[in-house]
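Coordinates in review
These are the residues of each chain, in order.
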Amino acid sequence: MDDSALHDFIIYRCVIGSRAQGLDRDDSDTDRRGIYLPPARLHWSLNGVPEQLENPQTQECYWELGKFIRLALKANPTILETLWTPLVERADPVAVTLRTHRAIFLSKLAYDSFNGYALTHFRKVEDDFRRSGRVRWKRAMHVIRILQAGVEVITTGELPVRVDARRDELLAIRDGRLSWDEVDSLRLRLHAELEQALVRSPLPEHPDHERADAMLVAARAAMAAKETTT
């Protein structure tokens, strides 16, 4: 089956990124993400199914349900944002269940994922700065944003996608109104806050793999049963 036909099996569609975070401008992209649940007959076939459906032209990406759950269990920042975003365009029952029980995916592993994401992207910003003398301010802003989100997740067990309280500061970074030294100092302070949050975090050491697996098996079983009755 052509990948485009698999879009018929999308069970969750939402908007993440700047529009969900409250950092958008008139020309901002609309980043749609979500989940698709393929028919069992395709999943069981020799050809299998793609782990994700992507359309760069429309800024869309949909993960196969199993792939999505595996990434969620690793506390992937983008996947968690997909579960916590307030901008939901479609949510079938399976997706509603995932959002309702999204806390099962949170654990202290979030420290490594959010901290690692920030470090990786900061190094890219730093390398660009060293080579060209120019700062990619939008990427620098996202480094700060992801660290702030990480502190919130590890401290509260919730991911506040909208950044209303921090919006002015983040936009000042994106617009280059803060110096490089100021941004780097803020980054280092947030790394320290992230470490401190980990020590007192109420999150479990590991996510609830058993419940996540049960949801995946139930969803795939329901899809298989649906096929046998049609």
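Right, let's walk through the structure included here. Computed from a prediction, not measured in an experiment: that's the story for all the values here. (Residues numbered from 1 in each chain as written. Predicted model: local features only at pLDDT ≥ 70, side-chain atom pairs only at ≥ 80, totals over all residues. Heavy atoms only, no water.)

Comments concerning the overall build of the chain
Put simply, the test is: By definition, any uninterrupted DSSP run of H or I lasting at least four residues is a helix, any uninterrupted run of E lasting at least two residues is a strand, and each is numbered from the N terminus. For a compact globule the rule gives 2.2 Å times the number of residues to the power 0.38, and the radius of gyration it is set against comes from C-alpha atoms. In these tables, accessible area is a Shrake-Rupley quantity obtained with a 1.4 Å probe, and a residue counts as shielded only by the protein chains included in the view. In this charge count, Lys and Arg are treated as positive and Asp and Glu as negative; neither His nor the chain ends contribute. Working definition for charges: the position is that of NZ of Lys, CZ of Arg, CG of Asp or CD of Glu.
Helices and strands together make up the secondary structure of the chain, namely 10 helices and 5 strands. Taking 230 residues into account, the globule formula puts the C-alpha radius of gyration at 17 Å, and the chain, at 19 Å, falls close to it. When the backbone C-alpha atoms are referred to their principal axes, the chain occupies close to 65 × 40 × 30 Å. Looking at the chain as shown, the accessible area adds up to about 11,900 Å², and 49% of this sits on carbon and sulfur atoms. On the chain, the mean spot of the 33 positive side-chain charges and the mean spot of the 35 negative ones are 1 Å from each other.

Structural notes on the packing of helix α3 (residues 65–73) against helix α10 (residues 209–228)
Going by this rule: Orientation is described by axes fitted as lines to C-alpha atoms, over the contacting stretch for helices, and by angles from 0 to 180 degrees between their N-to-C directions. Any angle that falls under 35 degrees is termed roughly parallel, while one over 145 is termed roughly antiparallel, one within 65 to 115 roughly perpendicular, and all others oblique. Working rule for contacts: check all heavy atoms of both residues, and any pair within 4.5 Å makes them a contact. By the convention adopted, Pro, Cys, Tyr, Trp, Phe, Met, Ile, Leu, Val and Ala count as nonpolar, Lys, Arg, Asp and Glu as charged, and the other residues, Gly among them, as polar.
Here α3 crosses α10 at 170 degrees, and the two axes come no closer than 10 Å. In terms of orientation, α3 and α10 fall into the roughly antiparallel class. Two secondary-structure elements touch here, α3 through L65, G66, I69 and L73 and α10 through H209, A212, L216, A219 and R220. In terms of residue class, the contact of α3 with α10 is built from 6 nonpolar, 2 polar and 1 charged.

Concerning the sheet that holds strand β3 (residues 52–55)
To be explicit about the condition: Any two strands with at least two DSSP bridges between them are considered paired.
Across the sheet, 5 strands lie side by side as β3-β4-β2-β1-β5; this open sheet has mixed pairing. The sheet is open, and its two borders are formed by β3 and β5 (88–91), each paired with just one other strand. Here the average twist between neighbouring strands, direction ignored, is 15 degrees. Relative to strand β4 (residues 60–64), β3 runs antiparallel, the two sharing 4 bridges.

Here's the deal with unusual backbone geometry
Despite not being glycine, Q59 has its phi angle at roughly 55 degrees, a positive value. By secondary structure assignment, the location of Q59 is in the loop between β3 and β4. With a phi close to 60 degrees, A75 is a non-glycine residue in the positive phi region. By the secondary structure assignment, A75 is in the loop between α3 and α4 (77–84).

Here's the deal with the pairing of strand β2 (residues 31–36)
Regular strands place their side chains on alternate faces of the sheet. To be explicit about the condition: Exposed residues in this analysis have more than 50% of their type's maximum accessible area, buried residues have under 20%, and partly exposed residues fall in between, with area computed by a 1.4 Å probe over protein chains only.
Of all 6 residues making up β2, 5 are buried, and the element is well covered by its neighbours. The sheet contact formed by strand β1 (residues 10–16) and β2 spans 6 bridges and is antiparallel. Directly across from Y12, in β2, lies its bridge partner I35. Two strands pair when backbone bridges link them, and β2 and β4 are joined in this way by 5 bridges, in the parallel orientation. Residue pairing across strands places R33 opposite C61, the latter belonging to β4.

Looking at the pattern of salt bridges
When charged atoms on two side chains of opposite charge get close, those side chains can pair. Stated precisely, the cut-off is as follows: Salt bridges are identified by distance alone: a Lys or Arg side-chain nitrogen within 4 Å of an Asp or Glu carboxyl oxygen.
Under the defined criterion, the tally for this structure stands at 14 salt bridges. Among the salt bridges present, the one from D128 reaches R131, with a minimum N-O distance of 2.6 Å. Remark: R131 and D128 occur in helix α6 (residues 109–132); sequence separation between them is 3 residues, near one turn of the helix. Where R177 meets D175, a salt bridge forms, and the shortest distance between an N and an O atom there is 3.4 Å. Judged by relative accessible area, which is 56%, R177 ranks as exposed.

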